[in-house]
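What follows is each chain in one-letter form.
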Amino acid sequence: MPRFANLAAVVVSVVLTLGACELALRWLGWGPNAAAGHARLLRFDPAIGWTKAPNASVTYRWMGSRIVETTNSFGGRGPEPGAAQERVLFLGDSFCEGYLVNDDEVFSTVFARRQSRFAPVNLGVAGYSTDQALLLYQRLAGQLQPQRVVLLFFDNDVWFNSVTVEHRAPKPAFALTPTGLQLTGTPVPPPAQRAAAAPCADCPPSWRLLQLFAQARSTVAPAGKPALAPELLAYRRTAPPEIDAAWQLTEALLAALQKATGHRLTVFYVPTVAAIYDSSWAATKQVYGMDDNWDIHLPASKLAEVCARQSIPLLSPTSRLRERAARGETLYFLEDGHWNREGHRLVGEMLADSLLSSSSQRGSLP
């Protein structure tokens with residue numbers, strides 16, 4: 001009997017210790033960039049790949065902070081759009097939706113506080129590229145009737161416009177044909193529920209301890225140079241044919257979105273953290289063994305050429321963000337690469353000031 005009691009005490013002690021470790025990891029926000037918590041807002045959509053569940057809310061922890069994300073009846077970030085104001089519809093990916101910041105910190109909320117003329121409607125969805133943003137706009141524009149549309153464009157949009165699988169799940173893609181754009185890959189097949197950050201609004205929460213053990217097992221052996229992700233080829237000056245083709249398709253998609261919005265589209269360029277912090281770009285080049293044939297600012301230059309050809313106003317915050325970074329300000333989560341609350345604040349204020357002064361302004365923000 002004493003031996004059984006001792007064994008039971010050991011088991012209880014181990015269970016309590018593991019439970020305490022799990023709670024500590026969750027409180028600290030440890031996990032794959034908080035993706036598991038955030039992904040509970042996503043749901044499978046056979047026409048677009050995935051969308052955000054309407055009238056939903058998730059709470060998770062990131063770097064010791066409590067993050068709350070809510071959606072309105074359109075699946076957009078934040079409260080219902082105002083009816084009396086001019087509506088500005090924001091389209092884009094995780095930068096647009098405000099991944100890793102609270103509802104009151106995301107740039108569109110800052111935008112609303114900065115001015116009273118425009119009511120923002122934030123339809124950003126994690127992982128979206130120009131093609132999915134176009135499809136979402138076509139679905140909701142009739143209901144929302146926006147006066148202005150702003151597309152937040154990130155470098156990896158170029159590559160993912162050309163493929164039918166994004167990191168998290170399958171997606172549709174347009175093909176550029178002699179007669180114009182043709183949608184392919186629909187209906188989209190459901191994703192594997194265990195895929196990282198796959199649309200899983202109904203998925204059970206994951207165990208951080210299991211993630212930690214899996215990560216430790218994968219890093220026991222010394223890691224060599226990581227494989228180059230194909231979307232990084234957009235930074236190569238001598239681009240391979242598939243990147244040139246992806247840019248041609250991207251330009252056609254931007255032209256289609258410009259036409260669909262009644263020429264009320266503005267593109268807002270989202271610079272990667274490596275375009276703002278030179279140390280980040282230097283580290284990236286070292287990790288992948290990149291030489292002088294790689295240029296972190298190349299996608300921004302190409303996007304400017306595309307927007308000029310299509311007569312689409314382009315706003316770029318790069319110079320302003322670099323000025324702030326040079327002063328020692330931290331505008332991105334350096335552990336993740338998304339804007340932090342200060343980055344969102346600066347972007348929201350710049351967008352408000354720019355749209356108030358002129359919706360057709362080109363080039364860098366004043």
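Residues numbered from 1 in each chain as written. Predicted model: local features only at pLDDT ≥ 70, side-chain atom pairs only at ≥ 80, totals over all residues. Heavy atoms only, no water.

Undergrad: So what exactly am I meant to see when it comes to the overall build of the chain here?
TA: The helix and strand tally for the chain stands at 13 helices and twelve strands. For the chain, the proportion of its 366 residues judged to be buried stands at 49%. Restricting the contact set of the chain to residue pairs at least 6 apart, pairs at least 24 apart contribute 72%. Taken as a whole, the chain presents about 17,100 Å² of accessible surface, with 57% of it coming from carbon and sulfur. (Helix = DSSP H or I, 4+ residues; strand = E, 2+ residues; numbered from the N terminus. Buried < 20%, exposed > 50% of the residue type's maximum accessible area, 1.4 Å probe, protein only. Contact = heavy atoms within 4.5 Å. Areas by Shrake-Rupley, 256 points an atom, 1.4 Å probe, with all protein chains shown as cover.)

Undergrad: Would you explain the packing of aromatic side chains in this entry?
TA: Two descriptors summarise a pair of aromatic rings, namely the distance from one centre to the other and the angle between the planes of the rings. Under the criterion given, the structure shown has ten aromatic pairs. Aromatic pair Phe-95 and Phe-154: ring centres 4.9 Å apart, planes at 35°, arrangement tilted. Of the two residues, Phe-95 is situated in helix H3 (residues 94–97) and Phe-154 in strand E7 (residues 148–154); the sequence distance between them amounts to 59 residues. Pairing Phe-153 with Trp-247 gives two aromatic rings, centres 6.5 Å apart and planes at 25°, and the pair type is stacked. Placement of the pair is Phe-153 in strand E7 and Trp-247 in helix H8 (residues 241–260), with a sequence separation of 94 residues. Here Phe-153 falls in the buried class, since its relative accessible area comes to 0%. Every member of this aromatic cluster is reached through a ring pair, and the members are Phe-90, Phe-107, Phe-111 and Phe-118. (Phe/Tyr/Trp six-rings, centres within 6.5 Å; stacked < 30°, edge-to-face > 60°.)

Undergrad: How do you make sense of the nonpolar core when you look at a structure like this?
TA: In terms of nonpolar packing, the biggest core is built from 50 residues, with Leu-91, Leu-123, Leu-151, Val-267 and Leu-303 touching the most fellow members. At the level of elements, strand E5 (86–91), helix H5 (130–144), E7, helix H6 (157–160), H8, strand E10 (265–270), helix H9 (273–276) and helix H11 (298–309) are the ones that each hand at least two residues to this core. The element that contributes the greatest number of residues to this core is H5, accounting for eight residues. Every residue in contact with Leu-91, bar those within four places of it in the chain, is listed here: Cys-96, Leu-123, Ala-133, Tyr-137, Val-149, Val-150, Leu-151, Leu-152 and Leu-257. Counting residues in each nonpolar core, the second largest holds 41 residues, with Leu-41, Trp-62, Cys-96 and Phe-107 among its members. (Core = buried A, V, L, I, M, F, W, Y, C linked by side-chain atoms within 4.5 Å.)

Undergrad: Is there a simple way to explain the pairing of E7 in this structure?
TA: A regular strand places its side chains so that they alternate between the two faces of the sheet. Of all seven residues in E7, seven are buried; the element is thus mostly enclosed. By the alternation rule, side chains of E7 split into Arg-148, Val-150, Leu-152 and Phe-154 and Val-149, Leu-151 and Phe-153, which are all buried. Judged from the four bridges that link them, E5 and E7 form a sheet pairing that is parallel. Bridge pairing in E7 places Val-88 opposite Arg-148. Taken together, the six bridges between E7 and E10 define a ladder with parallel strand orientation. Across the sheet, Val-150 pairs through a bridge with Thr-266, a residue of E10. (Pairing = 2+ DSSP bridges.)

Undergrad: For this particular structure, what's the right way to read the pattern of salt bridges?
TA: Inspection of the entire model under this criterion finds 14 salt bridges. Note that Arg-117 is salt-bridged to Glu-86, the shortest N-O span being 2.9 Å. Of this pair, Arg-117 sits in the loop between helix H4 (107–114) and strand E6 (118–122) while Glu-86 sits in strand E5, and the two are 31 residues apart along the sequence. Using a relative accessible area of 39% as the deciding quantity, one classes Arg-117 as partly exposed. (Salt bridge = Lys/Arg side-chain N within 4 Å of Asp/Glu carboxyl O.)

Undergrad: Teacher, can you tell me more about H11 here?
TA: With twelve residues, H11 ought to run about 16 Å at 1.5 Å a step, and its terminal C-alpha atoms sit 17 Å apart, in line with that. In this structure, the buried side of H11 is in contact with E7, H8, E10 and strand E11 (314–316). Phi for Ser-311, located one or two positions after H11, is positive at around 55°. (Expected span 1.5 Å × (residues − 1).)

Undergrad: Before we go on, may I ask you to explain unusual backbone geometry in this structure?
TA: Most peptide bonds take the trans form, and the phi angle of most residues other than glycine is negative. A cis amide bond links Thr-186 to the next residue, Pro-187, at an omega of -5°. Along the chain, Pro-187 turns up in the loop between strand E9 (180–184) and helix H7 (208–218). Within the chain, Leu-100 stands out as a residue other than glycine whose phi angle is a positive 80°. Positive phi, normally seen in glycine, also occurs at Gln-145, with a value near 50°.

Undergrad: Mind showing me how you'd approach the packing of H4 against helix H13 (residues 341–357) here?
TA: How two helices sit against one another is set out by the angle between their axes and by the gap between those axes. Between H4 and H13, whose axes approach to 7 Å, the crossing angle comes to 45°. It follows from the interaxial angle that H4 and H13 lie oblique. Taken as a pair, H4 and H13 cross one another with a handedness that is right-handed. Judged by residue contacts, Phe-107, Val-110, Phe-111 and Arg-114 of H4 engage His-344, Arg-345, Val-347, Gly-348, Glu-349, Leu-351, Ala-352, Asp-353 and Leu-355 from H13. Looking at side-chain class alone, the contact of H4 with H13 contains seven nonpolar, two polar and four charged residues. (Axes fitted to C-alpha atoms, helices over the stretch in contact; angles between N-to-C directions. Parallel < 35°, antiparallel > 145°, perpendicular 65-115°, else oblique. Left-handed = near helix turned anticlockwise from the far one by under 90°. Nonpolar A, V, L, I, M, F, W, Y, C, P; charged D, E, K, R; others polar.)

Undergrad: I would appreciate a short explanation of the side chain of Glu-69 in the present structure.
TA: The topology assignment puts Glu-69 in strand E4 (residues 65–70). Leaving out residues up to four positions away in the same chain, Glu-69 has contacts with His-38, Leu-41, Lys-52, Ala-56, Ser-57, Val-58, Tyr-60, Arg-77, Tyr-99, Leu-100, Val-101 and Asp-103.

Undergrad: Whenever I open this one, the pairing of E4 confuses me. Can you help?
TA: Inspection of the sheet shows strand E3 (residues 57–62) paired to E4 by six bridges, in the antiparallel sense. If you follow Thr-59 over to E4, its bridge partner there is Val-68. What sits between E3 and E4 in their antiparallel hairpin is a turn of two residues, with Met-63 showing a positive phi close to 50°.

Undergrad: Help me understand H5, please; the structure alone is not making it clear to me.
TA: In an α-helix, one turn spans 3.6 residues, which is why side chains three or four residues apart end up on the same side. Bending of H5 peaks at approximately 35° at the position of Gln-138. Of all 15 residues in H5, eleven are buried, a share of seventy percent or more. Of all the residues in H5, the buried ones are Thr-130, Asp-131, Gln-132, Ala-133, Leu-134, Leu-135, Leu-136, Tyr-137, Leu-140, Ala-141 and Leu-144. In the segment just after H5, Gln-145 is the residue with positive phi, at about 50°. (Bend = angle between axes of the 7 residues up to and from the residue.)

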